[in-house]
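Structure at a glance
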Amino acid sequence: MRKEIKGILVVLVLIFISISYSFSATITVVYPREGTTLSAAPNDSMFVFGQVTPFSASLTINNEKVRVYENGTFLAYVPVTEGDFVFHCAVAAGSDSSFVDRHVTVRPVAKTVNSDSLLILQNTLSPSVDYELMAGDLYRVSFQGVPGCKAYFEIAGITGPVPMQELPPEQDTYWGEVIFGEAKQTSQIPVKGRYAGSYLIQSGDYGYMRPTNVYLVDDNGDTLSLTLPGKLSVMDSRFPYMVETVERENVLRTAQGCGYYYFVPQGVNLWITGRKGEYLRVRLSNVEEAWVPRYFTRPLPQGSVPPQTIVHTVRTQLFPDKSRVRVFTGTRLPYRIEQDPKSHTITIFMYGVLSDTDWIRQEFGDSNIRDIRWSQDAPGSYRLIIELAHQNQWGYNAGYDEQDHFYIDIKRPPAIESGWLTSPLKNRFIALDPGHGPDLGAVGPTGYAEKDANLALAEELGRQLQDKGAHVFFTREGNEGISLRGRKRMVEVLAPDVMLSLHHNAIPDGVNPYKSRGTSTYYYQPQSFDLAVLVQKHLLNELKLNNFGLFYDNLAMCRPTQMPSILIEPAFMMHPEEEMMILSKDYRKKCAKAIVKALEEFFETTRE
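This report concerns the structure included in the present document. Not measured: the values here are computed from a predicted model. (Residues numbered from 1 in each chain as written. Predicted model: local features only at pLDDT ≥ 70, side-chain atom pairs only at ≥ 80, totals over all residues. Heavy atoms only, no water.)

This part covers helix H3 (residues 450–467). The first and last C-alpha atoms of H3 sit 26 Å apart over 18 residues, in line with the 26 Å expected at 1.5 Å per residue. Directly after H3, the chain includes Gly469, whose backbone phi takes a positive value near 95 degrees. (Helix = DSSP H or I, 4+ residues; strand = E, 2+ residues; numbered from the N terminus. Expected span 1.5 Å × (residues − 1).)

Set out below in structure tokens:
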């Protein structure tokens, strides 16, 4: 009988071994996708990740052995070359093997043009979009070509030859490495052959859609000429060109396509003094300008006058949850707002305003506002400084009312219930934004979508917050969600005490994924800084991951001014070890516990 049992066991073991090795070896490359164009790789390497089966299989990519983790996932950092490139992936399990080729294009980095003949790189010609400028503006022209030559440009019908200079050799930096990597200098050789020149537009110049030609001349006198993609028009500066903002929220930038400067509501009249492509230059004052996308505006009839008003009066009004400051402008003017937590002030800069502000009525007994002062910084540039009576700022909402008078509502500090058995979170209103959905967001090596990880974490965090007595609102509760603009608008209207946007991270192409990983937290408004610091601290203590850093970043869900709002990236989707953690219930409980602790400390330390 024992012999029969032993025989059966041997047969079962053999069958099990046979079945184990009968599993076909497969490989799934999650990133990069087939045909993807990857950003320039200053480190000459790109990451690849995915999953193999069986989990015990061995893997090579371009003949280099790659570690396979216990759940079959892998992450490789593979040397690449510019242009068309192939990741040759080979997986083997026992006698079975499988192969996958992933074809990509690696975008080249900038480098010196090496050519025996004259050459100008077409994609470096600037301006590449049409410009409209006026007398007194500087028109800048640049391109990259063969170094060591002479260069000049001509604007048809406006100038003769305008000399250009070859700039000193310059080494490009890759933003992804600077922000998400180790900020090391790349190994590429400084680029030579960059030429630049400029022309100051004169009062007598006139032209519409005039082409600009650039010329490169070598030592032998041979000349190469190209026409810039962008054309130049000279505006008639005698008559102001006016537009009106049309969107509910309109972004003004520091320069064409550059950083966000401030936001203005619908119906604000703007004085336009130039155009670069789809961006219009806005004259704010004698010394300040900003740029607005043209599609945010509509032109006003010719002869429209730049707005200007005299502010005679300012007054405050009390509400149960806020203090309102009204500036009686009577017209919608551009403005920007600055918060200074150290001096406990909110400053409003208004343009097109002259001050005759002899009257400022402040409601007696307002525990929110200590003082209000004004100054005239320059003709048409008016400043109103609101000094707050409390140390912490909890948010504000600004705009124009139905009579076109400016107002700013300053939120009062929330009333925190006291008692050693009572959590500071009791009756607090917390908004949770599970990032992404219906879009996937980042994807892990197993194919796990960030949108699902974010929602699972939000649900656990919501339960723990509710256990503490908090009121919780979710911007989405399933796979379907509204746009970022819609979510931002939603929390602005609801005005919770705090808003948390929950995400899981990934890094740009070319950054070393083994060194760039861990926990990070993001903020934008000054009132959100302390909360971001506390969340980062408690997450690091609880999760024990690398400290990936605290980031100031102009993210949509960090942008609301109505409450402290931050974005949290507790771990990396794309790293196998961290994705395995993200998939576990224990991770979600620890992560939620850390965030709850941070919120309790935030409300407790800001109690007034």
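A word on the packing of H3 against helix H7 (residues 585–605). When two helices pack together, you describe them by how their axes are tilted relative to each other and by the distance separating the axes. With their axes 9 Å apart at the nearest point, H3 and H7 run at an angle of 50 degrees to one another. As far as their axial angle goes, H7 and H3 are oblique. For H3 against H7, the interelement crossing comes out right-handed. Contact with H3, carried on its side by Ala456, Leu457, Glu460, Leu461, Gln464 and Leu465, involves Tyr587, Arg588, Lys589, Cys591, Ala592, Lys593, Ile595, Val596 and Leu599 of H7 and no other residues of that element. (Axes fitted to C-alpha atoms, helices over the stretch in contact; angles between N-to-C directions. Parallel < 35°, antiparallel > 145°, perpendicular 65-115°, else oblique. Left-handed = near helix turned anticlockwise from the far one by under 90°. Contact = heavy atoms within 4.5 Å.)

What follows concerns the sheet that holds strand E31 (residues 396–400). Pairing within the open sheet is mixed, and its 5 strands lie in the order E28-E24-E25-E32-E31. Whereas interior strands pair on both sides, the edge strands pair on one side only; in this sheet they are strand E28 (353–361) and E31. This sheet shows a mean twist of 20 degrees between the axes of neighbouring strands, independent of strand direction. Sheet topology places strand E24 (residues 309–319) next to E28; 6 bridges connect them, and they run parallel. If you follow Val314 over to E28, its bridge partner there is Ile360. (Pairing = 2+ DSSP bridges.)

On to the packing of helix H5 (residues 529–543) against H7, then. In the contact formed by H5 and H7, the axes pass within 8 Å of each other and the chain directions differ by 145 degrees. In the packing of H5 onto H7, the handedness of the crossing is right-handed. Each of Asp530, Leu531, Leu534, Val535, Lys537, His538, Leu539, Glu542 and Leu543 in H5 lies in contact with H7, whose residues at this interface are Tyr587, Lys590, Cys591, Lys593, Ala594, Ile595, Lys597, Ala598, Leu599, Glu601 and Phe602. Of the residues contributing to the contact of H5 with H7, the split by class is 12 nonpolar, 1 polar and 7 charged. (Nonpolar A, V, L, I, M, F, W, Y, C, P; charged D, E, K, R; others polar.)

Looking now at the pairing of strand E11 (residues 150–155). Of the two faces of E11, the one lined by Ala151, Phe153 and Ile155 is fully buried and the one lined by Lys150, Tyr152 and Glu154 carries no buried residue. Looking at chain direction, E11 and strand E12 (residues 162–166) are connected through 3 bridges and run antiparallel. Bridge pairing in E12 places Ala151 opposite Met164. Counting the residues between successive antiparallel strands, the hairpin from E11 to E12 contains 6 residues, one of them, Gly157, with a positive phi of roughly 80 degrees. (Buried < 20%, exposed > 50% of the residue type's maximum accessible area, 1.4 Å probe, protein only.)

Attention now goes to the pattern of salt bridges. Taken as a whole and judged by the stated rule, the model has 36 salt bridges. For Asp401, the salt bridge identified is with Arg326, shortest N-O distance 2.9 Å. In this pair, Asp401 is assigned in the loop between E31 and strand E32 (406–411) and Arg326 in strand E25 (residues 322–327), connecting sequence segments 75 residues apart. Take Asp401 and Arg326: they sit in the same class, and that class is buried. Sharing partners across several salt bridges, the network here consists of Arg67, Arg517, Glu577 and Glu578. (Salt bridge = Lys/Arg side-chain N within 4 Å of Asp/Glu carboxyl O.)

Further remarks concern the sheet that holds strand E15 (residues 223–227). Judged by pairing direction, the sheet is antiparallel, and its 6 strands sit side by side in the order E10-E13-E12-E11-E14-E15 without closing on themselves. For this open sheet the edge positions go to strand E10 (138–144) and E15, each flanked by a neighbour on one side alone. Neighbour-to-neighbour, the strand axes of this sheet turn through a mean angle of 25 degrees, independent of strand direction. With 2 bridges connecting them, E12 and strand E13 (residues 194–200) associate as antiparallel partners. Across the sheet, Gln165 pairs through a bridge with Ala196, a residue of E13.

Secondary-structure assignment places Pro513 in the loop between strand E35 (498–502) and strand E36 (519–523). Since its relative accessible area comes to 3%, Pro513 is described here as buried. Separated by 171 residues in the primary sequence, Pro513 and Lys342 have C-alpha atoms spaced 38 Å apart. With residues up to four places along the chain from it excluded, the contact list for Pro513 reads Phe47, Leu75, Tyr77, Ile507, Met574 and His575.

What follows concerns the pairing of strand E14 (residues 212–217). Summarising burial for E14: 6 of the 6 residues are buried, a large majority. Going residue by residue along E14, you find Thr212, Val214 and Leu216 tucked away on one face and Asn213, Tyr215 and Val217 tucked away on the opposite face as well. Bridge count between E11 and E14: 6 bridges; the pairing is antiparallel. Note that in E14 the partner of Tyr152 across the bridge is Tyr215. Looking at chain direction, E14 and E15 are connected through 5 bridges and run antiparallel. Across the sheet, residue Val214 finds its bridge partner in E15, namely Leu226. What sits between the antiparallel neighbours E14 and E15 is a turn of 5 residues, in which Gly221 has the positive phi angle 90 degrees.

Time to look at a nonpolar patch on the surface. Among the surface-exposed residues, Trp175, Val178 and Ile179 lie close enough to one another that they form a single nonpolar patch of about 310 Å² accessible area. You can see Trp175 is positioned in helix H2 (residues 175–180). In this structure Trp175 comes out as exposed when scored by relative accessible area, which is 52%. (Patch = residues over 30% accessible without salt bridge, like charges linked within 9 Å, V, L, I, M, F, W, Y side chains within 5 Å. Areas by Shrake-Rupley, 256 points an atom, 1.4 Å probe, with all protein chains shown as cover.)

Right, let's talk about the nonpolar core for a bit. Side chains that are nonpolar tend, in soluble globular proteins, to be buried together. Counting 42 residues, the largest nonpolar core has Leu461, Leu465, Leu500, Ile595 and Leu599 as the members making the most contacts within it. Elements supplying a minimum of two residues to this core: strand E33 (429–434), H3, strand E34 (471–474), E35, H5, strand E38 (565–569) and H7. Take this core: its biggest share by element is 10 residues, from H7. Not counting residues within four places of it along the chain, the set of residues in contact with Leu465 comprises Leu425, Ile430, Leu432, Ala470, Val472, Val596 and Leu599. (Core = buried A, V, L, I, M, F, W, Y, C linked by side-chain atoms within 4.5 Å.)

A few words now on unusual backbone geometry. Omega for the peptide link from Thr53 to Pro54 comes to -10 degrees, which places this bond in the cis form. Tracing the backbone shows Pro54 in the loop between strand E3 (45–53) and strand E4 (58–61). Gly437 connects to Pro438 through a cis peptide bond whose omega is 10 degrees. With respect to the helices and strands, the residue Pro438 is situated in the loop between E33 and H3. Residues other than glycine seldom take positive phi values, yet Asn62 does so here, at roughly 55 degrees. Residue placement: Asn62 occurs in the loop between E4 and strand E5 (64–66). Taking the relative accessible area as the measure of exposure, Asn62 reaches 21% and is therefore partly exposed. Even without being a glycine, Met209 presents a positive backbone phi close to 55 degrees. Following the sequence through the fold, Met209 ends up in the loop between E13 and E14.

Functional significance is not addressed by these values, which are geometric in nature.
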